[in-house]
Amino acid sequence: MPTTEQELREQICEIGRLMYSNTYIDGASGNISARLGPDRVLATPSGLAKGLMKPEQLIVVNMAGQRVDRPNPANADLRPTSELVMHLECYKQRSDVNGVVHAHPPTAVALTIAGYDFEKCIVPEAVMILGLVPTTPYATPASPE
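Everything in this summary refers to the structure shown in the same document. In every chain, residue numbers begin from 1 and rise along the written sequence. Local features are withheld for residues below a pLDDT of 70 in this predicted model, meaning they are given only at 70 or higher, and side-chain atom pairs are given and counted only at 80 or more; totals for whole chains, interfaces and linings count all residues. As a convention, hydrogens and water are excluded, and side-chain values are obtained from all of the structure's heavy atoms.

### Details of helix H1 (residues 5-21)
Over its 17 residues, H1 runs 24 Å from end to end, which matches the ideal 24 Å to within 8%, given 1.5 Å per residue. Any residue under 20% of the maximum accessible area for its type is buried, any over 50% is exposed, and the rest in between are partly exposed; the area is computed with a 1.4 Å probe on protein chains only. We count a stretch as a helix when DSSP gives it H or I for four or more residues in a row; a strand needs E for two or more, and each element gets its number in order from the N terminus. Residues of H1 that are buried include every one of Leu8, Arg9, Ile12, Cys13, Gly16 and Met19, and no others. Buried residues along H1 cover an arc of 140° about the axis, so they all sit on one side. Between two residues, a contact is recorded if the distance between any of their heavy atoms is within 4.5 Å. Taken together, the buried residues of H1 touch strand E1 (31-37), strand E2 (40-43), strand E3 (59-62) and strand E4 (99-102). Positioned one or two residues after H1, Thr23 has a phi angle of 55°, which is positive. To estimate the expected span of a helix, count its residues, drop one, and scale the result by 1.5 Å. Think of it as the arc spanned by the lines of direction from the helix axis to the C-beta atoms.

Take a look at the structure:
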């Protein structure tokens, strides 16, 4: 478990590489964040390829989603992702949540578009590992819904 912000930055980058190499995301899709404290969150910025991220490119935001870090040359032009609102809501609703990983696995996306109900128990091994996976109706990305 990371003990410093730098170690957490490195771990987030490693998770991004793993997400990309295992095709859970493509290009700049998906997001990762981690709680730094009660009022600060370390997050991947918008439009950045998660498989190629560098620790210094990550940004720090407050619980309102505003940047509170001191920009450096590697992230000065980067901004928080529009999906950050979803991450922040997880942290606000659950004090035991210390990280959020948001991926776009192509198979899961295709099944969702086809109307598959992830709460059905079709593969018992998946239920044993993941439990039943709730889904929500479609909403415009980055909307309050």
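Having seen the model, we can carry on.
### A look at the pattern of salt bridges
One speaks of a salt bridge when a side-chain nitrogen belonging to Lys or Arg is within 4 Å of a carboxyl oxygen belonging to Asp or Glu. Counted under the stated rule, the structure contains five salt bridges. Of the charged contacts in the structure, one is a salt bridge between Arg17 and Glu14, with a shortest N-O distance of 3.1 Å. In this pair, Arg17 and Glu14 both sit in helix H1, three residues apart, roughly one turn of the helix. With a relative accessible area of 37%, Glu14 lands in the partly exposed category.

### Focus: the side chain of Arg9
With respect to the helices and strands, the residue Arg9 is situated in helix H1. The class for Arg9 is buried, based on a relative accessible area of 11%. With residues near it in sequence (within four places) discarded, Arg9 still touches Leu42, Pro55, Glu56, Leu58 and Val60.

### Side note on the side chain of His87
Counting through the fold element by element, His87 comes out in helix H2 (residues 84-93). In contact with His87, other than residues within four places in its own chain, are Asn31, Ile32, Ser33, Val100 and His102.

### So, the pairing of E2
Between any two strands, pairing holds if DSSP finds at least two bridges. In this sheet, E2 lies alongside E1 in antiparallel orientation, the contact comprising four bridges. The residue bridging Ala34 from the neighbouring strand is Leu42, located in E2. The hairpin turn running from E1 into E2, its antiparallel successor, is two residues long. Two strands pair when backbone bridges link them, and E2 and E3 are joined in this way by four bridges, in the antiparallel orientation. Within E3, the position partnered with Leu42 by the bridge is Val60.

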